[in-house]
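# Report on the structure
Spelled out, the chains give:
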Amino acid sequence: MLYVIIGEDVDGSLEQRLAARPAHLERLFALRDAGRLFVAGPNPAIDNNDPGAAGFTGSIIIAEFDSLDAAQAWADADPYKAADVYRQVTVKPFKKVLP
C-alpha cells in the first residue's frame, strides 16, 4: 500500500537540511531502485523552485510499504529527523485515485 510521509521543518533549519541531504537522498534512491517510490520532494518556503536562503518548510514522500508501522519506522529513521530538520512527521495511508 502507498503511504504519504509529511515532514514539517523547524524554522531556520536549512543548514541542517543541506548537511543531512546526501543521507536523506540515499534512502530515497533505495526506495526508487526497489520500485517503491511514487514521488518525493521538498516544499519551498517561497513561491520559487529554487528558494535559496529562504529554504524549505518541509517535504512530502509517497512510497509503498508493507504496513503503516513499516512506513512509520522508515520515516522515524530519516536523517532529516535525526538532524533536527523536521519538527513533526506525519505518516498516513494514501490511496491514489487520479491520474
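Residues numbered from 1 in each chain as written. Predicted model: local features only at pLDDT ≥ 70, side-chain atom pairs only at ≥ 80, totals over all residues. Heavy atoms only, no water.

### Describing the overall build of the protein
Within the protein one finds three helices and four strands. Counting from the amino terminus, helix and strand elements in the protein follow one another as β-α-β-β-α-α-β. Computed over C-alpha atoms, the radius of gyration of the protein comes to 13 Å, within 12% of the 13 Å expected from 2.2 N^0.38 for 99 residues, which places it in the range of a compact globule. With the C-alpha coordinates of the protein rotated into their principal frame, the extents come out at 35 × 30 × 25 Å. In the protein, which comprises 99 residues, the share counted as buried stands at 31%. Here the analysis covers contacts within the protein between residues at least 6 apart in sequence; of these, 72% occur between residues at least 24 apart. With the model as given, the accessible surface of the protein reaches about 6,100 Å², and the carbon-plus-sulfur share is 53%. (Helix = DSSP H or I, 4+ residues; strand = E, 2+ residues; numbered from the N terminus. Rg over C-alpha atoms; globule rule 2.2 N^0.38 Å. Buried < 20%, exposed > 50% of the residue type's maximum accessible area, 1.4 Å probe, protein only. Contact = heavy atoms within 4.5 Å. Areas by Shrake-Rupley, 256 points an atom, 1.4 Å probe, with all protein chains shown as cover.)

### Focus: the side chain of Asp78
Considering the arrangement of structural elements, one finds Asp78 in the loop between α2 (68-76) and α3 (79-82). From its side chain, Asp78 meets the backbone nitrogen of Tyr80 in a polar contact 2.7 Å long. Apart from the residues lying within four places of it in its own chain, the contact partners of Asp78 are His24, Arg27, Ile61 and Tyr86. (Polar contact = N/O pair within 3.5 Å; in protein donor to acceptor, adjacent residues only side chain to side chain.)

### A closer look at the packing of aromatic side chains
Per the stated rule, a full pass over the model turns up three aromatic pairs. Ring geometry for Tyr80 against Tyr86: centres 5.5 Å apart, planes inclined by 85 degrees, an arrangement best described as edge-to-face. Linked through ring pairs, Tyr3, Phe65 and Trp74 together constitute an aromatic cluster. A cation sits over an aromatic face here: Arg27 above Trp74, 4.0 Å from the ring centre. (Phe/Tyr/Trp six-rings, centres within 6.5 Å; stacked < 30°, edge-to-face > 60°. Lys NZ or Arg CZ within 6 Å of the ring centre and 35° of its normal.)

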